[in-house]
Amino acid sequence: KYMKVLIVGGVAGGASAAARLRRLDEKAEIILFEKGKYISFANCGLPYYIGDVITERGNLLLQTPESFNARFNVDVRVENEVVSIDHKEKKVKILDRKSKAEYFETFDKLILSPGSTPLRPPIKGIDSDGIFTLWTVDDVDRIKSYVNAKKPKKAVVIGGGFIGLEMAENLADLGVEVDLVEMLDQVLAPFDFEMAQIIHQEFVDNGVKLHLKNGVSEFVKSSDGLEVVLQDGSRIKTEMVMMSLGVKPQTEFLKSSGIELNQRGGIVVDDYLETNLKDIYAVGDAIEVKNFITGDKTMIPLAGPANRQGRLVVDNIYGAKTKYDGSYGTAIVKAFSLTAASTGLNEKQLKQSGKVLGKDYYSVVIHPNTHASYYPGAMPLHIKALVSSDKMLLGAQVVGSEGVDKQIDVLATVIKARAGVDLLKSLELAYAPPYSSGKSPSNMVGFVAENIIEGKVKVITADMLDSFSDAVLLDIRTPEENSMGSLPDSVNIDLDVLRGKLSTLDKSQTYIVYCAVGLRGYVAARIMMQEGFSSVYNLAGGYSSYSYYNYEVNKKPTQTMKMARELEQIASSETTVVDATGLACPGPIMRVKQSLETINHGNVLEIHVNDPGFKNDIGTWCERTGNTLLGITKEGKKFIARIRKGSLECDLNKLKSPHVIDSGNDKTIVCFSGDLDKAIAALIIANGAVSMGRKVTIFFTFWGLNVIRKSEKVKVKKSFIGKMFGMMMPRGPKKLALSKMNMGGMGATMIKGLMKKHNVPLLEDMIQMGLKSGIRMIACNMSMDLMGIKEDELIDGVDFGGVASYLGAAETADTNLFI
Ligand code: FAD
């Protein structure tokens, strides 16, 4: 008698098992049951079929029942659902979904690979038309025909996991305006926040609107589609919704089988993938596995483990006794021009399990180039690796535009080898300039980890800066790089002149050094440590990591951005195009500087760059140098920035009303004082001028910033000095004191009473009136930095700018007041 094996589920795990079985045993009777219409379909490819990347539906169907039977002699029964199992009798009951007839099959061995199914929580309105989940070929057919028929212009994706992101990207690539809603403060839960921030930025740059820390409370049908009501009360009008909230195992049919299931419904198996019932095995998404690194029980629904388990279980049925030693979640996803991949544990998981940074584990953050920096097209690769104190690699995350798959696979292999720093350092990996560097990024992880663990350098990460508020921040980049943006309250000393300036620094003070990506910071830290500085830390990942950590997903367009758009629309200017795509930071900015010197005022420089850091820096640089960033667009991997030579206000004024320039009757006020009476005077003059049709700009600087502070307390991250200043200074117009005769606030109260009596609006009302009637209020960002005041602390509607903004406005004014 030959062995009779039944298999439940005909895709990843089930089909792998069936094929392996036949390869090992030509005589076995194999029946494969699949409740759906298709077997062995490319579920991982489904999002790309919706996005028209995979254009042929047939390419998703890797095998048909007939082709599988022809190749493997397996009796494939689609639309046949296994509904129950009788272990005692060793038989299963099957429902033929077409004929609705039920029948039985006996087995010697039974392999379960029923997979998982997407979660669909009972949210009000979830059964409305146009709300989809994506898991099967039927799902994809439904979505595809809806998209083809309705040509939706707007879609909402709910859930920022792998499939949610793939759907968001594919819909956006079809030209659909996509909103992505995610309950956590980040997408891609397997990544740490600062790494996910890189992906957030990529999605925002590609036009996807992110709603983080927000869930769906209801779907409401409207005349022209659907409205998604979010938990914060906001509503998004849309034409389709993709639900992508995660999965649960499809194991309801096992409930009365006697097979042990865990709390989540996952099938419990032993090391050999056999269930608690003899001769019944299970693989794939539906099983509980051991985490390879921690040994904890978990569920990891990925195609790789399902395929490997399908093979292994058959080997075991044929006597191999091979243990499945666990999964560790190596995964990868495309995110527009970037790729994000992770393996093993992340820092959130380490912290949750009570592990302490710097004691139990170390975090290695590097941003090496994808390949040799001198070979064109090098782009930064962002790597975060977690290493235990005994130098084992615990996990890693890699984000970048090239070579991410290579690095993650190397790192995943090192984890599986239960190796770490020593192996990483000594791996001999392929290198030629177009591909990698003499020291491969994976080697670099090993080198940096060793330096940290052996105490050659102490590092802190961007999220820890707050707890080092007494430290001096030392920016050791070049002054040009510093001009593009820096950490608040930091001092700039170029690494190349640092040795000569050490005598001006206090050796007993704590210093945090930082550069662009962490490498020069390490050099600076080594210099200082060897010169006897007692407490020096390098900021891991440098300014790059800091910027990503602090990236604001929903930053509203500022007044400056709106004016730049207006300027671009009305200005006619010559454009010079410069290609800086081969250059890495700060090369592109240096090229902007040189190129602007060669063009005339009012003309435009269009620069093509592929260093993503440039996008964040160029705005600040333009502001500080009195030029105008008209806008940045993204084309594939390339950023295209348009920069107009000259200051925004001056040019916009000239272009909008040339006659006004001749008479120059705008008004500018520098509001330096934070005294109530002086601020009232400034606002009375400003509102008066604006009512006479004059254009008014008030530049709030130093104590004047208090005039435009919000009165409520705003939670923002601040340095120690910033906090002290913040506490001591008045919060907003209601709290200001008189310059004379304040008498502990009595004077101010009396003045306000008199103003009310004489129908003079209060200062806070005058500010709002002024904003409404078009007074431009600029907060000086240099003095904000000095005084530790953050953008969120100032009232809505004010703009942020440097001296160039004020001077630009002053050029067309006949009155300049310093109050
Ligand atoms: P499945 O492949 O889901 O197969 C289970 C089959 O069993 C189903 O066809 C189901 O109909 C059938 N079945 C269930 N119960 C019964 C029953 N009682 N009787 C008969 N038949 C039954 N993973 C990655 O690693 N990388 C990716 O990029 C990736 N992308 C994905 C994209 C999408 C859109 C989807 C849906 C999944 C993706 N996955 C990805 C996950 C991956 O597809 C799964 O982890 C993998 O398919 C699991 O294999 P499995 O055999 O356990 O289950």
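Before reading further, recall that the structure is shown in the block above.
What counts as what
- Residues numbered from 1 in each chain as written.
- Predicted model: local features only at pLDDT ≥ 70, side-chain atom pairs only at ≥ 80, totals over all residues.
- Heavy atoms only, no water.
- Near = heavy atom within 4 Å.
- Polar contact = N/O pair within 3.5 Å; in protein donor to acceptor, adjacent residues only side chain to side chain.
- Areas by Shrake-Rupley, 256 points an atom, 1.4 Å probe, with all protein chains shown as cover.
- Helix = DSSP H or I, 4+ residues; strand = E, 2+ residues; numbered from the N terminus.
- Pairing = 2+ DSSP bridges.
- Axes fitted to C-alpha atoms, helices over the stretch in contact; angles between N-to-C directions.
- 1 Å grid on protein atoms, 1.4 Å probe; cavity = no way out; pocket = protein on both sides within 12 Å on 5 of 7 lines; lining within 4 Å.
- Points joined across faces, edges and corners; volume = space filled by probe spheres on them.
- Nonpolar A, V, L, I, M, F, W, Y, C, P; charged D, E, K, R; others polar.
- Core = buried A, V, L, I, M, F, W, Y, C linked by side-chain atoms within 4.5 Å.
- Buried < 20%, exposed > 50% of the residue type's maximum accessible area, 1.4 Å probe, protein only.
- Contact = heavy atoms within 4.5 Å.

Q: So what about the site of the ligand? Which residues, and what values?
A: With respect to spatial proximity, 28 residues lie near the ligand, and among them Gly 13, Glu 34, Ser 113, Asp 285 and Ala 303 are the closest. Gly 13 is positioned with one of its backbone polar atoms (N or O) 2.7 Å from an oxygen atom of the ligand. If the ligand stood free it would expose 990 Å²; the protein chains cover 91% of that surface. Mapped by element, the contributors of at least two residues to the shell around the ligand are helix H1 (12–24), strand S2 (29–34), strand S4 (80–86) and helix H7 (303–317).

Q: Outline the pairing of strand S13 (residues 216–222), supporting the account with residue identities and numerical values.
A: The sheet contact formed by S13 and strand S14 (residues 225–230) spans six bridges and is antiparallel. Within S14, the residue paired with Lys 221 across the bridge is Leu 226. Two successive antiparallel strands, S13 and S14, enclose a turn made up of two residues.

Q: Got a sec to walk through the sheet that holds strand S10 (residues 154–158)? Specific residues and values, please.
A: For sheets, the rule is that strands pair by backbone hydrogen bonds, running either parallel or antiparallel. Spatially, S9-S16-S10-S11-S12 is the arrangement adopted by the five strands of the open sheet, whose pairing is parallel. In this open sheet, the two strands that pair with only one neighbour each are strand S9 (131–133) and strand S12 (209–211). Here the average twist between neighbouring strands, direction ignored, is 20°. Bridge count between strand S11 (residues 177–181) and S12: three bridges; the pairing is parallel.

Q: Can you explain the sheet that holds strand S30 (residues 535–539)? Please cite residues and give values.
A: The strand order S26-S30-S29-S27-S28 describes an open sheet built from five strands, whose pairing is parallel. Edge positions in the open sheet fall to strand S26 (458–460) and strand S28 (490–492), since each of these has one partner strand only. Here the strands of the sheet are splayed against their neighbours by 35° on average, with no regard to which way each runs. Looking at chain direction, S26 and S30 are connected through three bridges and run parallel. Each residue of the ladder has a partner; that of Val 459, found in S30, is Asn 538.

Q: Tell me about unusual backbone geometry, and please be specific about residues and values.
A: The backbone of Lys 213 shows a phi angle near 50°, a positive value even though the residue is not glycine. Relative to the helices and strands, Lys 213 resides in the loop between S12 and S13.

Q: How would you sum up empty space enclosed by the protein? Please name residues and give values.
A: Enumeration over the complete set of coordinates arrives at four cavities of 30 Å³ or more. Along the wall of the largest cavity there are 17 residues; nearest its centre are Glu 202, Leu 338, Tyr 548, Pro 612 and Phe 639. At four residues, the largest contribution of residues to the lining of the largest cavity is made by helix H6 (residues 193–205). Split by residue class, the lining of the largest cavity holds seven nonpolar, six polar and four charged. Quantified by volume, the second largest cavity comes out at close to 70 Å³. Taken together, Glu 194, Val 365, Thr 461, Ala 462, Asp 463, Ala 540, Ser 545 and Tyr 549 make up the full set of residues lining the second largest cavity. Considered class by class, the residues forming the lining of the second largest cavity number four nonpolar, two polar and two charged.

Q: Tell me about the nonpolar core, residues and numbers included.
A: Ranked by size, the top nonpolar core spans 48 residues in total, and within it Phe 68, Ile 85, Ile 111 and Leu 112 carry the most contacts. At five residues, H1 tops the list of elements feeding residues into this core. Among all residues touching Phe 68, those that are not within four sequence positions of it are Ala 15, Ala 18, Ala 19, Leu 32, Ile 39, Gln 63, Asn 73, Val 74 and Val 76.

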